[in-house]
Structure formats: structure tokens, C-alpha cells
Amino acid sequence: MSAASIAAALGGPAILNTAASSEFELAAAAMAGFSAAAASRIVANGFLSPDELYQLVIPRRTFDRRLEQGQPLTVTESDRLLRVTRVIVRAIEALGSSDKAATWLRTANRALRGTTPLTLLETDMGARMVERALGRIEHGVYS
């Protein structure tokens, strides 16, 4: 998984206003605040449903206001969006397709104590657990 693949999932240079070809550039873009269009792009690409976006990244009314007023996401909201996108891209790469990743992320997982991976993305620690489970899958260990 590369910074470029995460940036592409967020809409690429046209939406991020930077090539974000390194993790440092991606972090800098998040600290500057992603545009609300980057969050819209994640929904449009089918990576998250609108309700999942509202639960994991930004409340609906706040998101609607940011879109309407052309305001960027806050650093916290941008960080949440970056975290969720990073794990989704990792799942796609580990499982081989967007469809398989979407199914896996939304299915209760025994390795995660019966929790769906997507719900764990609300926290950094949860995201780390999901990434470790994906790493086990990549190495042929049942997860």
C-alpha cells in the first residue's frame, strides 16, 4: 500500500491539491484539511455508504455544511478520513478486489472477537487491529 494509492482513492491531485506521492505529503494535506469533496469521493467510489461516512468520519449536518460553504474538513475529520481510506485500500490490496474488501469489512470477524472490521475504524487502535488481521490474511493465516 502506497501513499499514492491512498491519495488516488481520495480523488488524487485534482481533489487533494497535491500529488501526495509520499506519506509525508499525505499527512501534510490532512493537516491542511482535506476538501469535503475528498469525503464525497469515497462515497461515490462505493468505499463507504453515506451513513458509514457520517458514523466514521463526520456528522451529516457538519458534512453538508462543509460542502455547501466550501469549507475544508478539520484536521481531526481529515485524519479520520485518511485512517478509514488507508484501511480500505489495504483491504482491497490484501483481498484482491473492492467487492471482496467491502464484504470482509462489513462481516463479523472471529479474529476481531465477532466485531465487523468497519466498526473498529472509529479509533486508531481499532484500525490497527484490522490492519493486523489483513496482514495475517496476506500471509495465509485464517482471519
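This write-up is about the structure you can find in this document. Each residue is numbered by its place in its chain's sequence as written, counting from 1. Restriction of local features to residues with pLDDT of at least 70 applies here, the model being predicted, together with a cutoff of 80 or more for giving and counting side-chain atom pairs; totals for whole chains, interfaces and linings are based on all residues. The basis for every side-chain value is the complete set of heavy atoms in the structure, and neither hydrogens nor water enter the calculation.

Points about the nonpolar core
Keep this limit in mind: Here, nonpolar core means buried Ala, Val, Leu, Ile, Met, Phe, Trp, Tyr and Cys residues that are tied together by side-chain atoms lying within 4.5 Å of each other. To sort residues, take the accessible area from a 1.4 Å probe on protein chains only and compare it with the maximum for the residue type: under 20% means buried, over 50% means exposed, and anything in between is partly exposed. Each helix corresponds to a stretch of at least 4 residues labelled H or I by DSSP, and each strand to a stretch of at least 2 residues labelled E; elements are numbered beginning at the N terminus. Note on definitions: a residue-residue contact is assigned when non-hydrogen atoms from the two residues lie within 4.5 Å.
One finds Leu10, Phe34, Leu53, Leu81 and Val130 to be the most contacted residues of the largest nonpolar core, which totals 44 residues. Breaking this core down by element, the ones donating at least two residues are α1 (3-9), α3 (23-32), α4 (36-44), α5 (50-56), α7 (75-95), α8 (98-105), α9 (117-120) and α10 (124-138). With 9 residues, α7 is the single largest residue contributor to this core. Ignoring anything within four residues of it in the chain, the contact list for Leu10 reads Ile15, Leu16, Phe34, Ala38, Arg41, Ile42, Leu81, Leu82 and Thr85.

Thoughts on unusual backbone geometry
Leaving glycine out, the prevailing phi sign among residues is negative, and the prevailing peptide bond configuration is trans. A positive phi angle is found at Asn17, which is not glycine, with a value near 60 degrees. Secondary-structure assignment places Asn17 in the loop between α2 (12-16) and α3. Taking relative accessible area as the criterion, Asn17 reaches 69% and is therefore assigned exposed. The backbone phi angle of Arg113 is positive, close to 55 degrees, even though this residue is not glycine. Tracing the backbone shows Arg113 in the loop between α8 and α9.

Brief notes about the packing of α3 against α7
In plain terms, the rule: For every element, the axis is a line fit to its C-alpha atoms; helices are fit only across the contacting stretch, and the angle between N-to-C directions ranges from 0 to 180 degrees. Convention used here: angles under 35 degrees read as roughly parallel, angles over 145 as roughly antiparallel, angles from 65 to 115 as roughly perpendicular, and any remaining angle as oblique. Note that Gly is not counted as nonpolar here; it falls among the polar residues with everything else outside the nonpolar set of Ala, Val, Leu, Ile, Met, Phe, Trp, Tyr, Cys and Pro and the charged set of Asp, Glu, Lys and Arg.
Here α3 crosses α7 at 140 degrees, and the two axes come no closer than 7 Å. Comparing their axes, α7 and α3 come out oblique. Two secondary-structure elements touch here, α3 through Leu26, Ala30 and Met31 and α7 through Val75, Ser78 and Leu82. Here the residues of the contact of α3 with α7 sort into 5 nonpolar, 1 polar and no charged.

Thoughts on the packing of α7 against α10
The contact between α7 and α10 brings their axes to 10 Å, and the two run at 10 degrees. With respect to α10, the element α7 is oriented roughly parallel. When α7 is examined against α10, the residues Arg83, Arg86, Val87, Arg90, Ala91, Ala94 and Leu95 are found in contact with a partner set consisting of Asp124, Ala127, Val130, Glu131, Leu134, Gly135, Ile137 and Glu138. Considered class by class, the residues forming the contact of α7 with α10 number 8 nonpolar, 1 polar and 6 charged.

Remarks on the layout of surface pockets
Under the convention used in this document: Cavity and pocket criteria rest on a 1 Å grid covering protein atoms alone: a 1.4 Å probe that fits but cannot get out defines a cavity, protein on both sides within 12 Å along at least 5 of 7 lines defines an open pocket, and an atom within 4 Å of a point defines a lining residue. Grid points are joined across faces, edges and corners, and a volume is the space filled by probe spheres set on the points.
Space inside the largest pocket adds up to approximately 270 Å³. Those elements that place two or more of their residues in the lining of the largest pocket are α1, α3 and α7. No other element matches the 5 residues that α3 contributes to the lining of the largest pocket. Split by residue class, the lining of the largest pocket holds 9 nonpolar, 1 polar and 3 charged.

Some thoughts on the environment of Ser97
Stated formally: Whenever a nitrogen or oxygen atom comes within 3.5 Å of another N or O atom, the pair is scored as a polar contact, on the condition that within protein one atom can donate a hydrogen and the other can accept it, and that pairs from neighbouring residues in sequence are kept only if both atoms are in side chains.
Tracing the backbone through its elements, the reader meets Ser97 in the loop between α7 and α8. Ser97 sits in the partly exposed class, given a relative accessible area of 24%. Considered as a pair, Ser97 and Ala133 are 36 residues apart in the sequence and their alpha carbons are 17 Å apart. At 3.0 Å, the side chain of Ser97 and the backbone nitrogen of Lys100 are in polar contact.

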